[in-house]
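Fold and contact review
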Amino acid sequence: MEIVIVGAGVIGLATAWRAAAGGASVVLVDPAPASGASSVAAGMLTPVSELTYGEEPLLRLGLASRDRYGAFVAELEDLTGLDTGYRTDGLLQVASDADDLKYLEDLRRFQESLGIPAQPLTGRECRRAEPMLAPGVRGGLLAPEDGSVDPRRLTAALLAAAGRLGVRLVRRRAARIVVEGDAAAGVGLDDGTVLRADRVLLAAGPWSGDLDGLPPGTVPPVRPVKGQVIRLRARVPFLRRTTRGLVKGSSVYLVPRADGEIVLGATQEELGFDTRVTAGGLWELLRDARELLPGITELEFAEVTAGLRPGSPDNAPVMGPTALPGLFAGTGHFRNGVLLTPVSADILSAMLLDGPVPEVAGPFTPDRFSAEVQA
């Protein structure tokens, strides 16, 4: 089986690794591997905190992926000798006022109705868990099984693992899909080169549908959703675990790394392909973070970045065969790309290799949008 994967972000890289391990000959096409949303993301592994009413299938997918992470990174680190920054020290969600606390209480009841235990904490217990929290924090929830990973380290390890298994990386832009006999037969590059393939996977985030030659409606629309992120540095221990706060209804999170880095994010802006870092976006993040953790203003300012999350019409992943035979989609992971990497790689590689597909993939195939596209 010869496979071409367009896009070397975290989903494309992990799928290439798994497909190569399954015996396929794999070519990855990306002019700048691991430089998109994967390089900006904070790396939270928090399916429960991302829960929204009506998104139970996405929750099941997130839990399945989180539960795969330990074995996934152990295999990856053993193969490459590279650390991924994987941590399993839980997630603390906190509320800054009574309305925010009520939201967390409603979320806890909803989680428990789905059989997911949640540990409520008083404000004092929250501060005992994270001493740098502000005195005004009203209470919170602890998700002890959640964690984080460093996406930059993760993608570096995935690049190395894919290389070890013979995956060829082509640093060019994919320009078109080659269609022969009403089926995908490869990818044409921006320099005119054609890469022949039995199957093609589009994993290029919000650019997945931009290739020439795609029949109309083949790939569901995937829009870019901008996220601005701040990286700070602490010279002494500041946070023990990933902490997510609600401040007057707005959500802000902080993800600590072992080397003292703290990732603060993230805005969510529907501004097309705009990747400018703005004073307003950074001010909102720092304002809300300071409300929860006043000492944050003393941390060293290290980096600011903006990335583009790929959002499908229902903000859930699009994974599976498209209406064009031989062409597969692996995009639309929105806020959850890093979290969903292990399960997405299992799903997509199984589909590409005609293997058994995990049941949790069912709700996320491209054909769920077919009626909408036809309309």
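Residues numbered from 1 in each chain as written. Predicted model: local features only at pLDDT ≥ 70, side-chain atom pairs only at ≥ 80, totals over all residues. Heavy atoms only, no water.

Looking at an unreviewed UniProt entry, the chain carries the name glycine oxidase, with the source organism given as Actinomadura chokoriensis. In its Pathway (unreviewed entry) section, the UniProt record describing the chain reads: "Cofactor biosynthesis; thiamine diphosphate biosynthesis." Its UniProt record, at the heading Catalytic activity (unreviewed entry), says of the chain: "glycine + O2 + H2O = glyoxylate + H2O2 + NH4(+)". (UniProt positions renumbered as here; feature names shortened; annotations may be inferred.)

Some words on the nonpolar core
Among the nonpolar cores identified, the biggest contains 46 residues, and Phe72, Leu154 and Leu158 are the most heavily contacted of them. Of all the secondary structure elements, the ones that give two or more residues to this core are strand S1 (2-6), helix H1 (10-21), strand S2 (25-29), helix H3 (56-80), helix H6 (151-164) and helix H8 (341-352). The element that contributes the greatest number of residues to this core is H1, accounting for eight residues. (Core = buried A, V, L, I, M, F, W, Y, C linked by side-chain atoms within 4.5 Å. Buried < 20%, exposed > 50% of the residue type's maximum accessible area, 1.4 Å probe, protein only. Helix = DSSP H or I, 4+ residues; strand = E, 2+ residues; numbered from the N terminus.)

Remarks on the sheet that holds strand S8 (residues 168-170)
An order of S8-S2-S1-S12-S19-S18 is seen for the six strands of this open sheet, with the pairing classed as mixed. Here the strands that pair on one side only, and so sit at the sheet edges, are S8 and strand S18 (318-321). Going across the sheet, the axis of each strand differs from the next one's by a mean of 20 degrees, ignoring polarity. Across three bridges, S2 lies against S8 in parallel orientation. The partner of Val29 across the bridge, within S8, is Val170. Sitting on the sheet, H1 touches S1, S2, strand S12 (199-202) and strand S19 (327-331), and the angle it makes with S2 is about 165 degrees. (Pairing = 2+ DSSP bridges. Axes fitted to C-alpha atoms, helices over the stretch in contact; angles between N-to-C directions. Contact = heavy atoms within 4.5 Å.)

Focus: the pairing of strand S13 (residues 223-233)
Taking burial as the measure, the eleven residues of S13 include nine buried ones, the bulk of the element. In terms of strand pairing, S13 meets strand S17 (residues 300-311) through eleven bridges, oriented antiparallel. By the bridge assignment, Leu232 is partnered in S17 with Phe301. Examined bridge by bridge, S13 and strand S16 (residues 261-265) share five bridges and lie antiparallel to one another. Residue Val229 lies in a different strand from S16, and its bridge partner there is Gly265.

Quick look at the side chain of Arg18
Examined against the element boundaries, Arg18 turns out to sit in helix H1. On the basis of relative accessibility, which here comes to 18%, the residue Arg18 falls in the buried class. Apart from residues lying up to four places away in sequence, Arg18 is in contact with Phe72, Glu75, Ala345, Asp346 and Ser349.

Some remarks on the pairing of S19
Of all five residues that make up S19, five are buried, and the element is covered over most of its length. Burial of the side chains of S19 extends over both faces: Leu327, Ala329 and Thr331 are buried on one face and Phe328 and Gly330 on the other. Two elements, S18 and S19, share four bridges in a ladder whose sense is antiparallel. When the bridges of S19 are listed, Met319 appears paired with Gly330.

Quick word on H8
Over its twelve residues, H8 extends 16 Å from the first C-alpha to the last, a length consistent with the 16 Å expected when each residue adds 1.5 Å. Among the twelve residues of H8, eleven are classified as buried, and the element is accordingly described as predominantly covered. Among the residues of H8, those classed as buried are Thr341, Pro342, Val343, Ser344, Ala345, Ile347, Leu348, Ser349, Ala350, Met351 and Leu352. Lining the buried residues of H8 we find S1, H1, H3, S12, S18 and S19. Directly after H8, the chain includes Asp354, whose backbone phi takes a positive value near 60 degrees. (Expected span 1.5 Å × (residues − 1).)

Examining the pattern of salt bridges
Inspection of every chain in the model, using the stated rule, returns 28 salt bridges. The closest approach of N and O atoms between Glu303 and Arg152, which form a salt bridge, is 2.6 Å. One end of the pair, Glu303, is in strand S17; the other, Arg152, is in helix H6, and 151 residues separate them in sequence. Judged by relative accessible area, which is 31%, Arg152 ranks as partly exposed. Notably, a salt bridge pairs Glu261 with Arg233, separated by 4.0 Å at the nearest N-O pair. Highlighted residues: Glu261 in strand S16 and Arg233 in strand S13, separated in sequence by 28 residues. Of the residues examined, Glu261 reaches a relative accessible area of 11% and is grouped as buried. If you follow the salt bridges from partner to partner, you end up with Asp150, Arg153, Arg231, Arg233, Arg257, Asp259 and Glu261 in one network. (Salt bridge = Lys/Arg side-chain N within 4 Å of Asp/Glu carboxyl O.)

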